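Observations on the model geometry
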Amino acid sequence: MLDKKFFNRDTLQVAKDLLGKTLIRNDNGIIYKTKIVETEAYLGIEDRAAHTFDDKKTQRNKIMYEDAGTIYVYQTYGIHFMLNFVTLEKGRPEAVLIRGVEPLNEFDNIGINRFGKVFKELSTYQKKNLTNGPGKLTKALNIDKNLNGKNLFGKQLYLENNKDDFEIVSDKRIGIDYAKEAIDYPYRFYIKDNSYVSVF
C-alpha cells in the first residue's frame, strides 16, 4: 500500500508517479482493481484552474487543505463525481485528479455499474467508454461523496505499486476554459497509447 510519504511530495511529481499504480476499491466486499492511466495536477493557490485558487476556502474545497493522502470527491453538474488525492502537508491545498483507469478485474460489475449490463452484453462503444474519464471511472467503481475526507490508507480505497514500463505524455488539462493562463499549463499526464485515456 502506498503511504503518506508518497503523497506528501511535489504535486506534479505525484501526478506522474500515480500512473501505472493499482487503484483498489473495496465496495462492500467487491474488490475492484484498476490501473491509473491518466491524471491531472492542480497546484492550489497559484493555479487558476484549482478550486483553491487565491486561497479561497469553501465548504466544498476544504478537504484540499487536509493532509497528504486525503480523498477529495466533488460533484459536477449535480451528476458526476470526481476523484482527487490531496498532496503535500496540511494547509497546502493541492491535489491530483484521477482522469482515467484501466479495469483489471470485475468487468461484469463495472459494466452493471456503468450501463446496467454485464460485460459481454455491452456494445463496442460501451466497452470503450467504461472508465476513460473522471466521471465514468467513479460510476464504474461506485465512488461518491461518502469517500470525501477519508484517506487512502484504509480498506475502502487504496493504492499499490505496479511494475509496468510505459512512456508518459504531458499535455494540457481538459475542461478548464475559465482558467486564463492556466489553460495552457501541461499538468495532465497519461500513459502513451493506453486505450483508457480520456483524450489523446
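Residues numbered from 1 in each chain as written. Predicted model: local features only at pLDDT ≥ 70, side-chain atom pairs only at ≥ 80, totals over all residues. Heavy atoms only, no water.

Things to note about the overall build of the protein chain
The number of helices and strands found in the protein chain is five helices and eight strands. By principal-axis analysis of the C-alpha atoms, the protein chain measures approximately 50 × 35 × 35 Å. Out of the 200 residues belonging to the protein chain, those deemed buried represent 49%. At a minimum sequence separation of 6, the contacts of the protein chain that also span at least 24 residues come to 60%. (Helix = DSSP H or I, 4+ residues; strand = E, 2+ residues; numbered from the N terminus. Buried < 20%, exposed > 50% of the residue type's maximum accessible area, 1.4 Å probe, protein only. Contact = heavy atoms within 4.5 Å.)

Some thoughts on the side chain of T34
Note that T34 resides in strand 2 (residues 30-42). Not counting the four nearest positions on each side in its chain, T34 is found in contact with K21, T22, L23, V101, E102, P103, L104 and L141.

Regarding the nonpolar core
With 40 residues, the main nonpolar core has F7, L18, L83 and F85 as its most contacted residues. The element that contributes the greatest number of residues to this core is strand 2, accounting for four residues. With residues up to four places along the chain from it excluded, the contact list for L83 reads L23, I71, Y72, V73, V96, L97, I98, L137, T138, I143 and L157. Residues A49, M64, Y74 and L97 belong to the second largest nonpolar core, which totals 14 residues. (Core = buried A, V, L, I, M, F, W, Y, C linked by side-chain atoms within 4.5 Å.)

Details of the pairing of strand 1 (residues 22-27)
Burial analysis of strand 1 places five of its six residues in the buried class, which makes it a mostly covered element. Two strands pair when backbone bridges link them, and strand 1 and strand 2 are joined in this way by six bridges, in the antiparallel orientation. When the sheet's bridge partners are listed, D27 is paired in strand 2 with I30. A loop of two residues connects strand 1 with strand 2, the two strands running antiparallel in sequence, and N28 in this loop sits at a positive phi of about 55 degrees. Summarising the sheet, strand 1 and strand 6 (residues 157-160) pair through four bridges and their orientation is antiparallel. Of the residues in strand 6, the one forming a bridge with L23 is L159. (Pairing = 2+ DSSP bridges.)

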